[in-house]
Amino acid sequence: MFIRQATEADAAAIHAVHTAAFRDHNPVGTAEIPEARLVGELRADGDLIPALSLVAERDGEVIGHACSSSARVADDTAAAVGFGPLGVLPEFQRSGAGSALVHATLGAANALGFAAVVLLGDPKYYSRFGFVLASTLGITPPEPDWAPHFQARTLTAYIPSVRGPFRYSPAFERL
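Numbers given to residues run from 1 along each chain, matching the order in which its sequence is written. Given that this is a predicted model, residues contribute local features only at a pLDDT of at least 70 and side-chain atom pairs are listed and counted only at 80 or more, while totals for whole chains, interfaces and linings are drawn from all residues. Each side-chain value is worked out from all heavy atoms of the structure, with water and hydrogens disregarded.

Stacked, edge-to-face and tilted labels apply to pairs of Phe, Tyr and Trp rings (six-membered ring for Trp) whose centres lie within 6.5 Å, assigned for plane angles under 30 degrees, over 60, and everything in between, in that order. Following the criterion strictly, the structure yields 10 aromatic pairs and no others. For the pair tyrosine 125 and tyrosine 126, a centre-to-centre distance of 4.8 Å together with 90° between the ring planes defines the contact as edge-to-face. Centroid distance phenylalanine 166 to tyrosine 168: 4.9 Å. Interplanar angle 85°. Geometry classified as edge-to-face. By relative accessible area, phenylalanine 166 is classed as buried at 0%. Within the aromatic cluster, the residues linked to one another by ring pairs are Phe83, Tyr125, Tyr126, Phe129 and Phe131. Only protein chains enter the accessibility calculation, which uses a 1.4 Å probe. A residue is then buried if its area is under 20% of the maximum for its type, exposed if over 50%, and partly exposed in between.

The rule for pairing is simple: two strands pair if DSSP sees at least two bridges between them. Here a strand is any run of E in DSSP of at least two residues, a helix any run of H or I of at least four, and the numbering for each starts at the N terminus. Taken in spatial order, the three strands make up an open sheet running 4-10-8, and their pairing is mixed. Across the chains shown, the open sheet's two edge strands, defined by having one partner strand only, are strand 4 (72-73) and strand 8 (139-140). Two elements, strand 4 and strand 10 (residues 164-167), share two bridges in a ladder whose sense is antiparallel. Looking at strand 10, one finds that arginine 72 is bridged to arginine 167.

It is worth spelling out the sheet that holds strand 6 (residues 116-120) at this point. Here seven strands make up an open sheet; going across it, the order is 1-2-3-5-6-9-7 and the pairing mixed. This sheet does not close on itself; its edge strands, each paired only once, are strand 1 (2-5) and strand 7 (132-133). In this sheet, strand 9 (residues 150-154) lies alongside strand 6 in antiparallel orientation, the contact comprising five bridges. Bridge assignment links valine 117 to a residue of strand 9, and that residue is arginine 153.

With that out of the way, let us pick up the environment of alanine 36. Topologically, alanine 36 is positioned in helix 2 (residues 34-45). Taking relative accessible area as the criterion, alanine 36 reaches 3% and is therefore assigned buried. Considering only alpha carbons, one finds alanine 36 and phenylalanine 22, 14 residues apart in sequence, at a separation of 8.3 Å. Residues count as neighbours in contact if any of their non-hydrogen atoms are within 4.5 Å of one another. In this view, alanine 36 contacts His15, His18 and Thr19; residues no more than four positions away in its chain are not counted.

When the terminal C-alpha atoms of helix 2 are compared, their 16 Å separation across 12 residues agrees well with the 16 Å that a helix rising 1.5 Å per residue should span. The set of residues buried in helix 2 consists of Ala36, Leu38, Val39 and Leu42. All buried residues of helix 2 fall inside an arc of 160° around its axis, so they share one side. In this structure, the buried residues of helix 2 make contact with helix 1 (11-22), strand 3 (61-70), strand 5 (80-88) and helix 5 (170-173). What a helix should span is 1.5 Å times the count of its residues minus one. Picture the helix axis, draw a direction to every C-beta atom, and the arc is the one those directions span.

Next comes the structure, spelled out in structure tokens:
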């Protein structure tokens, strides 16, 4: 498996990955899978961070994708990024592709000088990468009901003053 930065040429494969990965989590008859649409909207809005849009390839085929986008903690628009979606083709789930994408994202976000990576996801999965409930760091979710699944991972540039209400890029609000 090879992890690399996504290119424009990967757009169709990335859409296919998220469509397949999230098909079972969406209502039957949904015209387009929200996670797949979200990635395209983040890209179109200019909020997708190119260095944090990564694909996993196996034998030249894109089998997974993870991305991060611009975000805000309180008034700080440079400290944190919003992670997700993370998707892996169903036949390659539990193969290590998702973990590799998370590790690569964390390393790249750290190298870029971000203080934290924030996400909404399963604590059982993401805790293995050092994510904790964001509320323990004073970072609050856009929707209070998200609190049990709203997590953050601090990076080298983190300082305790990175706290307050979190806002994803506008594309998340259009879901």
